[in-house]
Amino acid sequence: MSIRKKEDPRAIRSKNMFKQAALSLLVEEPSISQVTVQKVADRAELNRATFYLHYVDINDLMTKVTNEMFDELSIKLEPLVQSEILDNEEDLTRFLDYIYENRKLFAVLFEHKNYESRLFNLFKHLIETRRNKAQITRGLPDHLVSIEILTSSIIGVIMWWIREGIHFSSEHIANQISMIYKKSPIS
């Protein structure tokens, strides 16, 4: 039986300060390569030695920050995966609200192929799960749009929204995505 040691509140606070500093720098300067340990430490008003107590390097920090964001995205998508309502715009709107609140950071992250791929895989899992549920409960025709094309369409809408169409509300985008669902039987 292993006893898990409680993390020091000062360490938690320092890590949060470094994460917030890195995020604010990314919003100002969208190039991840321009974010340095010194810039993050200066923004967090902590020193580099403290940074290295918690992270190996800037890539380690960025990996942890993005992993946390994608964990949060997964949590926000889970109600859609579990929902019995086929066109659940309310849960989709909550998910899109999270993206809207973090839109500047997502716009930066989506410039990098691996982050776009992670979002693609999250939605692909959602669509596969819902399609499988629908197949079991009511049967689906054989002429379905491929999951990859449907996922790409939805990701395309979200990425366009973040980059160009942010003046549209989360509710409007949820409605547009639901229309894609309805036109192509997936759920």
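Located above this text is the structure these notes cover.
Keep in mind it's a predicted model, so treat the numbers as computed, not measured. (Residues numbered from 1 in each chain as written. Predicted model: local features only at pLDDT ≥ 70, side-chain atom pairs only at ≥ 80, totals over all residues. Heavy atoms only, no water.)

Asker: I'd like a rundown of the nonpolar core, residues and numbers included.
Answerer: Counting 51 residues, the largest nonpolar core has Val 40, Leu 73, Phe 95, Leu 96, Leu 119, Phe 123 and Ile 158 as the members making the most contacts within it. Sorting elements by how many residues they give to this core places helix H4 (residues 58-82) first, with ten residues. Here Ile 158 is in contact with Phe 95, Leu 96, Ile 99, Phe 123 and Ile 177, once residues within four sequence places are set aside. (Core = buried A, V, L, I, M, F, W, Y, C linked by side-chain atoms within 4.5 Å. Buried < 20%, exposed > 50% of the residue type's maximum accessible area, 1.4 Å probe, protein only. Helix = DSSP H or I, 4+ residues; strand = E, 2+ residues; numbered from the N terminus. Contact = heavy atoms within 4.5 Å.)

Asker: Help me get a handle on the packing of aromatic side chains, residues and values and all.
Answerer: With the rule as written, the count across this model stands at nine aromatic pairs. On the numbers, 6.3 Å between centres and 85° between planes, the contact of Phe 18 with Tyr 55 is edge-to-face. Here Phe 18, found in helix H1 (residues 9-28), pairs with Tyr 55, found in the loop between helix H3 (48-54) and H4; they are 37 residues apart in sequence, far enough to count as distant. Each member of the pair, Phe 18 as well as Tyr 55, carries the same accessibility label: buried. Pairwise contacts between aromatic rings join Phe 18, Phe 51, Tyr 52 and Tyr 55 into one cluster. For Arg 103, the ring lying beneath its charged end belongs to Tyr 100, and the centroid distance is 4.1 Å. (Phe/Tyr/Trp six-rings, centres within 6.5 Å; stacked < 30°, edge-to-face > 60°. Lys NZ or Arg CZ within 6 Å of the ring centre and 35° of its normal.)

Asker: I'd like a rundown of the packing of H1 against H4, residues and numbers included.
Answerer: Running from N to C, H1 and H4 point in directions that differ by 90°, and their axes come no closer than 10 Å. By the criterion of interaxial angle, the relationship of H1 to H4 is roughly perpendicular. In contact with Phe 18, Lys 19, Ala 22, Leu 23 and Leu 26 of H1, H4 contributes Leu 61, Met 62, Val 65 and Glu 68. (Axes fitted to C-alpha atoms, helices over the stretch in contact; angles between N-to-C directions. Parallel < 35°, antiparallel > 145°, perpendicular 65-115°, else oblique.)

Asker: Quick one: what's the story with H4, residue by residue and with numbers?
Answerer: Helix length check: H4, at 25 residues, gives a terminal C-alpha distance of 36 Å against a target of 36 Å (1.5 Å per residue), a fit within 8%. Of all the bends in H4, the largest measures some 30° and sits at Lys 76, one to four residues before the proline Pro 79. Between a side-chain oxygen at the N-terminus of H4 and the backbone nitrogen of Asn 59 the separation is 3.1 Å; the capping residue is Asp 57. (Expected span 1.5 Å × (residues − 1). Bend = angle between axes of the 7 residues up to and from the residue. Polar contact = N/O pair within 3.5 Å; in protein donor to acceptor, adjacent residues only side chain to side chain.)

Asker: Describe the side chain of Lys 19, naming the residues involved and giving the relevant values.
Answerer: By secondary structure assignment, the location of Lys 19 is in helix H1. Take Lys 19: its relative accessible area is 12%, and that puts it in the buried class. Setting aside anything within four residues of it in sequence, one finds Lys 19 in contact with Tyr 55, Leu 61, Val 65 and Glu 68.

Asker: I'd like a description of the environment of Ser 146, backed by residues and values.
Answerer: With respect to the secondary-structure elements, Ser 146 resides in the loop between helix H7 (113-138) and helix H8 (147-163). Ser 146 sits in the partly exposed class, given a relative accessible area of 30%. Reaching out from Ser 146, the side chain makes a polar contact with the backbone nitrogen of Ile 149 at a distance of 3.1 Å.

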